[in-house]
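The lines below spell out each chain.
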Amino acid sequence: MAYISPALNVMMAAARKAGKPLIRDLGELENLQVSMKGPADFVTNADQRTEKILIEELSRARPGYGFLAEEGGTIEGKDRTHRFIIDPIDGTTNFLHGIPHFAISIALEREGQIVSALVYNPATDDMYVAEKGHGTFLNSKRLRVAARKTLNTALLATGLPFHGHAEERHARMQAELGAVMPHTAGVRRYGAASLDLAYVAAGRFDAFWERGLAPWDVAAGILLVREAQGVVTDLDGGNNMLEGGSILAANDPLHPVVLKMLKGVKP
Ligand code: IPD
Ligand code: CA
Ligand code: CA
């Protein structure tokens, strides 16, 4: 049975409440694809509404805690030792296109350490949770990273830069793919970093790497992977994922192998 702390319980209730309207929206988005106006404003509203519901619910249950949230930025709390890190919709481009692969991501940080984490895909009703020291669960089933030891049987995931990113980001990504691809069973780009990390925790992906991420993309997923016995570092092998924005998550045998390959790529 999953150990659910009172704080994680509050986070789960908030995510379920904020997730419900997103399921309705997904149906509406299918219609909006073909409208002249397009779905962009609709999605911005969905992002803001989701974040508002999450902050309202979490503040009601834990008054004084601070927030770092994608839409609203930093909200200082009276309690300087706790803050929630929130991505209201991770995988916005998928959501915008009516693809049911996106998630609400919430991490609770206590004195600078992530202690509770949740990644919830409302479209599939998959709730990934982790509590520091108590393991990772998907809908109350315990998760473990994959046991694969060889890269040629491993399925990797990454994130690709897109329009608006600097040219050097695109070039570096292409070089990284060129170095890694030929040695693996495949590389996927699913479009939601929080779920990529949840999939590593679940042993579906053997490794995931990406650059240029924000703290809310990865804060919850890092704990999901670590509590599923996986290894998470930044792409220099350090622990600066939240500020530095790069990440590599994998199982114990494959982490050093992939890190070495990616470090060998000249920027
Ligand atoms: C994005 C997703 C995507 C990643 C991008 C993120 P958003 O978050 O996590 O997988 O490649 O870098 O910005 O914008 O959908 O919340
Ligand atoms: Ca995100
Ligand atoms: Ca987002």
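Peer 1: Outline the environment of Phe 42, supporting the account with residue identities and numerical values.
Peer 2: The topology assignment puts Phe 42 in helix 2 (residues 40–61). Through-space distance from the C-alpha of Phe 42 to that of Asp 25 is 8.7 Å; in sequence the pair is 17 residues apart. Aside from chain neighbours lying at most four places away, what touches Phe 42 is Asp 25, Glu 28, Leu 29 and Leu 32.

Peer 1: Explain the coordination of the calcium ion (ligand 3) to me, and be specific about the residues and the numbers.
Peer 2: Glu 70 (OE), Asp 87 (OD) and Ile 89 (O) make up the full set of protein donors to the calcium ion (ligand 3), lying at 2.1 to 2.4 Å. Considered as a linear motif, the donors of the calcium ion (ligand 3) on their single chain read E-x16-D-x1-I. In this structure, the calcium ion (ligand 3) lies 3.7 Å from the calcium ion (ligand 2), and both are coordinated by Asp 87. Using a relative accessible area of 1% as the deciding quantity, one classes Ile 89 as buried.

Peer 1: Describe the coordination of the calcium ion (ligand 2), with residues and values.
Peer 2: Here the calcium ion (ligand 2) is held by the protein donor atoms Asp 87 (OD), Asp 90 (OD) and Asp 217 (OD), which lie 2.1 to 2.3 Å from it. The sequence pattern formed by the donor residues of the calcium ion (ligand 2) is D-x2-D-x126-D. Assessed through its relative accessible area of 1%, Asp 87 is described here as buried.

Peer 1: Could you give an account of the packing of aromatic side chains, with specific residues and numbers?
Peer 2: All chains considered together, the criterion is met by 6 aromatic pairs. The interplanar angle of 35 degrees and the centroid separation of 5.6 Å between the aromatic rings of Tyr 65 and Phe 84 together place this pair among those described as tilted. Taken together, the positions of Tyr 65 in strand 1 (residues 65–69) and Phe 84 in strand 3 (residues 79–90) put the pair 19 residues apart, joining distant regions of the chain. Pair check on accessibility: Tyr 65 and Phe 84 agree, each one buried. A centroid spacing of 5.3 Å and a plane angle of 40 degrees characterise the contact between Tyr 199 and Phe 205, whose relative ring orientation is tilted. The lysine or arginine in question, Arg 204, covers the ring of Tyr 199, its NZ or CZ lying 4.5 Å from the ring centre.

Peer 1: So what's going on with the sheet that holds strand 7 (residues 136–138)? Which residues, and what values?
Peer 2: Strand order in the open sheet formed by 8 strands is 2-1-3-4-5-6-7-8, with mixed pairing between adjacent strands. Since the sheet does not close on itself, it has two edges, and those belong to strand 2 (73–75) and strand 8 (141–142), each with one partner. Here helix 2 sits on the sheet in contact with strand 1, strand 2, strand 3 and strand 4 (103–110), set at roughly 150 degrees to strand 3.

Peer 1: Just give me the short version of the site of ligand 1, but keep the residues and values in it.
Peer 2: Lining the immediate surroundings of ligand 1 are 13 residues, of which Asp 90, Gly 91, Thr 92, Arg 189 and Glu 210 lie closest. Taking Ala 193, its main chain carries an N or O atom lying 3.0 Å from an oxygen atom of ligand 1. Per-element tally for the shell around ligand 1: the top contributor is strand 3, with 3 residues. Split by residue class, the shell around ligand 1 holds 4 nonpolar, 3 polar and 6 charged. Lining the shell around ligand 1 are residues from two domains, each supplying at least three of them: domain 1 (6–142) and domain 2 (151–263).

Peer 1: Got a sec to walk through the domain arrangement of the chain? Specific residues and values, please.
Peer 2: Each assigned domain of the chain is listed with its residue range as follows: domain 1 (6–142) and domain 2 (151–263). Placing the centre of domain 1 and that of domain 2 at their C-alpha centroids yields a distance of 21 Å. Listed per partner, the contact involves 33 residues of domain 1 and 21 residues of domain 2. Taking both sides of the interface into account, the surface hidden between domain 1 and domain 2 amounts to around 2000 Å²; carbon and sulfur atoms contribute 66%. For the domain 1 face of the interface with domain 2, the top three residues by lost area are Asp 90, His 101 and Tyr 128, together amounting to 28%. Counting across the interface, domain 1 meets domain 2 through 0 salt bridges. At the boundary of domain 1 with domain 2, the tally comes to 9 residue pairs in polar contact (both at pLDDT 80 or more). Only strand 1, strand 3, strand 4, strand 5 (113–121), strand 6 (126–131) and strand 7 provide two or more residues apiece to the side of domain 1 that touches domain 2. At 7 residues, strand 5 tops the list of elements feeding residues into the side of domain 1 that touches domain 2.

Peer 1: Account for the pairing of strand 5, with residues named and values stated.
Peer 2: In terms of burial, strand 5 is largely enclosed, as 8 of its 9 residues are buried. The sheet contact formed by strand 4 and strand 5 spans 7 bridges and is antiparallel. Opposite Arg 110, over in strand 5, you have Gln 113 as the bridge partner. What sits between the antiparallel neighbours strand 4 and strand 5 is a turn of 2 residues, in which Glu 111 has the positive phi angle 45 degrees. Relative to strand 6, strand 5 runs antiparallel, the two being bridged by 6 bridges. If you follow Ser 116 over to strand 6, its bridge partner there is Glu 131.

Conventions adopted
- Residues numbered from 1 in each chain as written.
- Chains lettered and ligands numbered in written order.
- Predicted model: local features only at pLDDT ≥ 70, side-chain atom pairs only at ≥ 80, totals over all residues.
- Heavy atoms only, no water.
- Helix = DSSP H or I, 4+ residues; strand = E, 2+ residues; numbered from the N terminus.
- Contact = heavy atoms within 4.5 Å.
- Donors = N, O, S within 2.8 Å, 3.2 Å for Na, K, Ca; no water.
- Buried < 20%, exposed > 50% of the residue type's maximum accessible area, 1.4 Å probe, protein only.
- Phe/Tyr/Trp six-rings, centres within 6.5 Å; stacked < 30°, edge-to-face > 60°.
- Lys NZ or Arg CZ within 6 Å of the ring centre and 35° of its normal.
- Pairing = 2+ DSSP bridges.
- Axes fitted to C-alpha atoms, helices over the stretch in contact; angles between N-to-C directions.
- Near = heavy atom within 4 Å.
- Polar contact = N/O pair within 3.5 Å; in protein donor to acceptor, adjacent residues only side chain to side chain.
- Nonpolar A, V, L, I, M, F, W, Y, C, P; charged D, E, K, R; others polar.
- Domains from an automatic or database assignment.
- Buried area = accessible area lost by both parts, 1.4 Å probe.
- Salt bridge = Lys/Arg side-chain N within 4 Å of Asp/Glu carboxyl O.

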